[in-house]
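As a plain string of letters, each chain reads:
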Amino acid sequence: SGFPDLMDIEDVLVGILPYAVQKSIALAMALVTNPKLLILDEPAGGLSVSEIAELELILQKFKGRGLSTII
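The paragraphs below set out a description of the structure included in this document. (Residues numbered from 1 in each chain as written. Predicted model: local features only at pLDDT ≥ 70, side-chain atom pairs only at ≥ 80, totals over all residues. Heavy atoms only, no water.)

Structural notes on the overall build of the protein chain
On a plain count of helices and strands, the protein chain comes out with two helices and two strands. Taken from N to C terminus, the helices and strands of the protein chain fall in the order α-β-α-β. The globule rule puts the C-alpha radius of gyration for 71 residues at 11 Å, and the 12 Å found for the protein chain is close to it. Once local pairs closer than 6 in sequence are excluded, the contacts in the protein chain between residues at least 24 apart make up 57%. (Helix = DSSP H or I, 4+ residues; strand = E, 2+ residues; numbered from the N terminus. Rg over C-alpha atoms; globule rule 2.2 N^0.38 Å. Contact = heavy atoms within 4.5 Å.)

Okay, here's the thing in structure tokens:
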């Protein structure tokens, strides 16, 4: 799916997960509805360089699957 394996953490409270994982979960929740438009407010804020690169790959992957606009 482009996301880290979130099934490994399905029984863990989101609030105790690392910040980058919390951001992945929030993005997954937004993308599960198959939006045509996705508006993100500072999606890379607080992420490391490698996490930002991973986020970019995820967004590019979904943009090719019907998500037409990312703001």
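Points about the nonpolar core
Ala-20, Leu-27, Leu-31, Leu-38, Leu-47, Leu-55, Ile-58, Leu-59, Phe-62 and Leu-67 together form the largest nonpolar core, which totals 10 residues. Those elements that provide at least two residues to this core are helix 1 (19–31) and helix 2 (49–63). The element best represented in this core is helix 2, accounting for four residues. (Core = buried A, V, L, I, M, F, W, Y, C linked by side-chain atoms within 4.5 Å. Buried < 20%, exposed > 50% of the residue type's maximum accessible area, 1.4 Å probe, protein only.)

Focus: the environment of Ile-9
With respect to the helices, strands and loops of the structure, Ile-9 is situated in the segment before helix 1. Linking Ile-9 and Val-21, residues 12 residues apart in sequence, is a C-alpha distance of 9.6 Å. Not counting residues within four places of it along the chain, the set of residues in contact with Ile-9 comprises Leu-17, Val-21 and Ile-25.

Let's talk about unusual backbone geometry
Not every positive phi belongs to a glycine, and Asn-34 is a case in point at roughly 55°. Locating Asn-34 in the fold gives a position in the loop between helix 1 and strand 1 (37–38). You will see that Glu-42, though not glycine, has its phi angle at about 50°, which is positive. Within the secondary structure, Glu-42 is located in the loop between strand 1 and helix 2.

Description of the packing of helix 1 against helix 2
Taken N-terminus to C-terminus, the directions of helix 1 and helix 2 make an angle of 10°; their axes are 12 Å apart at the nearest point. With respect to their mutual orientation, helix 1 and helix 2 come out roughly parallel. From helix 1, Ala-20, Leu-27 and Leu-31 reach across to helix 2, where they touch Glu-51, Leu-55, Ile-58, Leu-59 and Phe-62. Its residues assigned to classes, the contact of helix 1 with helix 2 comprises seven nonpolar, no polar and one charged. (Axes fitted to C-alpha atoms, helices over the stretch in contact; angles between N-to-C directions. Parallel < 35°, antiparallel > 145°, perpendicular 65-115°, else oblique. Nonpolar A, V, L, I, M, F, W, Y, C, P; charged D, E, K, R; others polar.)

Digging into helix 1
With 13 residues, helix 1 extends 18 Å between its outermost C-alpha atoms, agreeing within 8% with the 18 Å of an ideal straight helix rising 1.5 Å per residue. All buried positions along helix 1 are accounted for by Ala-20, Ser-24, Ile-25, Leu-27, Ala-28 and Leu-31. The arc enclosing the buried residues of helix 1, seen along the axis, measures out at 165°, which places them on a common side. Turning to helix 1, the residues buried within the fold contact strand 1 and helix 2. (Expected span 1.5 Å × (residues − 1). Arc of directions from axis to C-beta.)

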